[in-house]
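Examining the three-dimensional arrangement
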Protein chains: 2
Amino acid sequence: MTDCQEANSPMELYEKLTAQGDKVRALKTDKAEKAEVVAAVQMLLKLKVDYKQTTGQDYKAGCPPSETAAAVTDNGPAADGDGGEDNVDPWNVSTTNAKGVDYDKLIVRFGSSKVEKELVDRIEKVSGQKPHRFLRRGIFFSHRDMHQVLDAYEKHKSFYLYTGRGPSSEAMHVGHLIPFIFTKWLQDVFDIPLVIQLTDDEKYLWKDLSLEDCHRFAVENAKDIIACGFDVNKTFIFSDLDYMGASPDFYRNVVKIQKHVTFNQVKGIFGFTDSDCIGKISFPAIQAAPSFSSSFPQIFGGRKDIQCLIPCAIDQDPYFRMTRDVAPRIGYPKPALLHSTFFPALQGAQTKMSASDANTSIFLTDTPKQIKSKINKHAFSGGKDTVEEHRKYGGNADVDVSFMYLTFFLEDDEQLEKIRQVSV
Amino acid sequence: MTDCQEANSPMELYEKLTAQGDKVRALKTDKAEKAEVVAAVQMLLKLKVDYKQTTGQDYKAGCPPSETAAAVTDNGPAADGDGGEDNVDPWNVSTTNAKGVDYDKLIVRFGSSKVEKELVDRIEKVSGQKPHRFLRRGIFFSHRDMHQVLDAYEKHKSFYLYTGRGPSSEAMHVGHLIPFIFTKWLQDVFDIPLVIQLTDDEKYLWKDLSLEDCHRFAVENAKDIIACGFDVNKTFIFSDLDYMGASPDFYRNVVKIQKHVTFNQVKGIFGFTDSDCIGKISFPAIQAAPSFSSSFPQIFGGRKDIQCLIPCAIDQDPYFRMTRDVAPRIGYPKPALLHSTFFPALQGAQTKMSASDANTSIFLTDTPKQIKSKINKHAFSGGKDTVEEHRKYGGNADVDVSFMYLTFFLEDDEQLEKIRQVSV
């Protein structure tokens, strides 16, 4: 950081941004072709993201990058939204669109790759299994390096799976199951080890909860996770509060990661501010560490080179962008990712289902009767103006929450399509 | 913090530094009086220290302060110096005064209490032992809450000792022994448990060293520490890299502390900047955790209420000011402290002995012959202008490094006083 070259880049970026802003204004004034304007705006947005990541500050015309600590006034690249409609980061997901977040835009913004039909076909070919409905229906819609994982697998180089859960309440809801259901399928078809991190330390740091409660939630949630049916011989479920204090190798990886990430970087990625506690600031290293096989010598016998595949909801991607940035600098392979869409709240796809609001969620502890009542009472249908019309024409499948849930849980493609037809 | 105004001071300092560098070169070219050159160089050095504290960067001629490395404008109470002569924080100790740091001013600046004769007498009374020479001679000169510790001890409420070492090299030097020699005396006279933390994780985060080397240094240093003769049944020496990954209770306390300290606070206390890695930023919690008895259930059986007394050099006080601030908020007693002066470098009391400069230090691995040669060659005597005069009048005991070393190591008070008389 004392190198002169590197130090100039915030100013260079600032100058590029200023120039690009001028260019966009000129194009608009000259009424240039729409495609040209769109391209220039996209470049401008990209530069803004780069600037924020580099400086931890928002770009402000006429105010060059300051030497003092920049407070982040919004939540970083994960939240600056094209047009400000979608807000996606590890702690908040919301959109103004009833159909849900614009996932294609998210792929562009996060710099990940779309799960194309070609990739789904390839997974089918390599695994010899019909792709899971989450792949067939675009629920796992985005990825990083999946082709590389499959290339290696075809050459008999195996990989392992890592997913997790932040245990903020005793009861999990059905939305929490999505990554676990899919991870179980991946473990079954590829026959590989799986590690599951319960970030009880994170929940303690972020929420007004005691350490004891967070740890108890981790234990309770583990029971629901176990019920998904993972291979008992190939699955390791751990609480951070236990495992951080039980594995010198895990802690060594945490420290390695912590040495290679600055506050400026986590400020840019997660939107941390100077008022955040030092526990939050250093936590991303703890979520990153399970991405490296050497964190689990009891499973991988000290091998450092086994690649990790992380199935998770896309809001967790910021952690793993950071992890992938650090990996080569500490001599480890970058983890690959498969990202899912969010599971909609009962009230509609503008927000994801959240355990902290009981009326938006169907809990694993709810009885069938309670579930029926919640669906009837709260599930948004986007239907017609009168009950008669609604009965006659049905809901609008694009925004109907009950139908969305069926896309997650109903295995039969034909039946699902029939229901969609009826509702249109 | 995105304010444009604040950003100017690093640049101002940079310009002053550049001008001062020019001045020094001009004086040398003009063959100016030695005293004038020395004064100009000292000012240059002072500006460099200020620059580093303000920007977090080393000054490089021709390379203005970068915008990424931000920006503490002072180092808080630990470093802002009355009149700017003394610079004391956990990573730097320097003064322009040949007699060493002004410790009375430091007491005022840090807000600690002076070890008065009354306290020394009380320690003698309570322990029933002649006070250690470090107490008799004002080497442990400052404290926090020592009277409270003695009050409790008189009521049969015991305490435990905690001290530590940052293992940055294989060999320790004699200066490193000071807290250990004194801690051994405290353990002997009070017959209490002792924990010794080797912060190999800290050294990895701060220095250009591998994890493996830092851990190896910790093991090597532990041998020298053991040689001080602590009670084997009441002493626990641990490496952070080992113990953090071996004690869920220790990690739980680290997380509790991390939840209760913000980046703003560590920035004020330690001078961290936005360019510092997240490992440095969260490390103070790891040095704080051994101050609480619940971090060692294997020693204290899960008790949370046993008070801790920390003998250490005063440059470590910032860590424990932070710890004392957090303690009541997480339900633990504040640790008490006894602070020592610094052990002077061979070249004089302007800096403390430092392992990173072999010519300033006497290592525990040096042979008697090497030690004699180092003292004769490098030890500052503040003596007279000619060898004849020096032989006749002796050195100046106020600044004579050899005499200072005798105040640390010569037990006999009368003999020490005789030597002082001769040298005046």
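Throughout what follows, the structure given in this document is the object of discussion. (Residues numbered from 1 in each chain as written. Chains lettered and ligands numbered in written order. Predicted model: local features only at pLDDT ≥ 70, side-chain atom pairs only at ≥ 80, totals over all residues. Heavy atoms only, no water.)

1. Notes on the packing of aromatic side chains
Geometrically, a pair of aromatic rings is defined through the distance of the ring centres and the angle of the planes. If you walk through the whole model with that rule in mind, you get 72 aromatic pairs over all chains. Among the aromatic residues, those joined into a ring-pair cluster are Trp 91, Tyr 162, Trp 206, Phe 270, Phe 272, Phe 283, Tyr 319 and Phe 320 of chain A. Above the ring of Tyr 204 of chain A, the side-chain terminus of Lys 259 of chain B is found at 4.2 Å from the ring centroid. The ring of Phe 110 of chain B has Arg 321 of chain B sitting right over it, with the charged end atom 4.5 Å from the ring centre. (Phe/Tyr/Trp six-rings, centres within 6.5 Å; stacked < 30°, edge-to-face > 60°. Lys NZ or Arg CZ within 6 Å of the ring centre and 35° of its normal.)

2. A closer look at the sheet that holds strand 7 (residues 235–239) of chain A
Sheets are built from strands that pair by backbone hydrogen bonding, the pairs being arranged parallel or antiparallel. All names here are of chain A. The seven strands lie next to each other as 3-4-9-8-5-6-7, forming an open sheet whose pairing is mixed. Pairing within the sheet leaves two strands with one partner each, and these edge strands are strand 3 (113–114) and strand 7. Two elements, strand 5 (residues 159–165) and strand 8 (residues 307–313), share three bridges in a ladder whose sense is parallel. For Tyr 160, the partnering residue across the bridge sits in strand 8 and is Cys 308. (Pairing = 2+ DSSP bridges. Helix = DSSP H or I, 4+ residues; strand = E, 2+ residues; numbered from the N terminus.)

3. Examining the environment of Ala 336 of chain A
Residue and element names in this part refer to chain A. Tracing the backbone shows Ala 336 in strand 9 (residues 336–340). The spatial distance from the C-alpha of Ala 336 to the C-alpha of Ser 282 is 22 Å, given a sequence separation of 54 residues. Apart from the residues lying within four places of it in its own chain, the contact partners of Ala 336 are Arg 144, Asp 145, Val 149, Gln 307, Cys 308, Leu 309, Ile 310 and Arg 324. (Contact = heavy atoms within 4.5 Å.)

4. Regarding the sheet that holds strand 3 (residues 113–114) of chain B
Residues and elements named next belong to chain B. Read across the open sheet, the seven strands follow the order 3-4-9-8-5-6-7; overall the sheet is mixed. Single-partner strands in this sheet number two, and they are strand 3 and strand 7 (235–239). Judged from the four bridges that link them, strand 4 (residues 140–144) and strand 9 (residues 336–340) form a sheet pairing that is antiparallel. Following the sheet pairing, Arg 144 is matched in strand 9 by Leu 337.

5. Looking at the packing of helix 4 (residues 117–127) of chain A against helix 6 (residues 146–154) of chain A
Residues and elements named next belong to chain A. Running from N to C, helix 4 and helix 6 point in directions that differ by 20 degrees, and their axes come no closer than 11 Å. If you check the angle between helix 4 and helix 6, you find them roughly parallel. Seen along the crossing, helix 4 lies across helix 6 with a hand that is left-handed. Between helix 4, through Glu 118, Leu 119, Arg 122, Ile 123, Lys 125 and Val 126, and helix 6, the contact on the second element is made entirely by Met 146, His 147, Leu 150, Asp 151, Tyr 153 and Glu 154. (Axes fitted to C-alpha atoms, helices over the stretch in contact; angles between N-to-C directions. Parallel < 35°, antiparallel > 145°, perpendicular 65-115°, else oblique. Left-handed = near helix turned anticlockwise from the far one by under 90°.)

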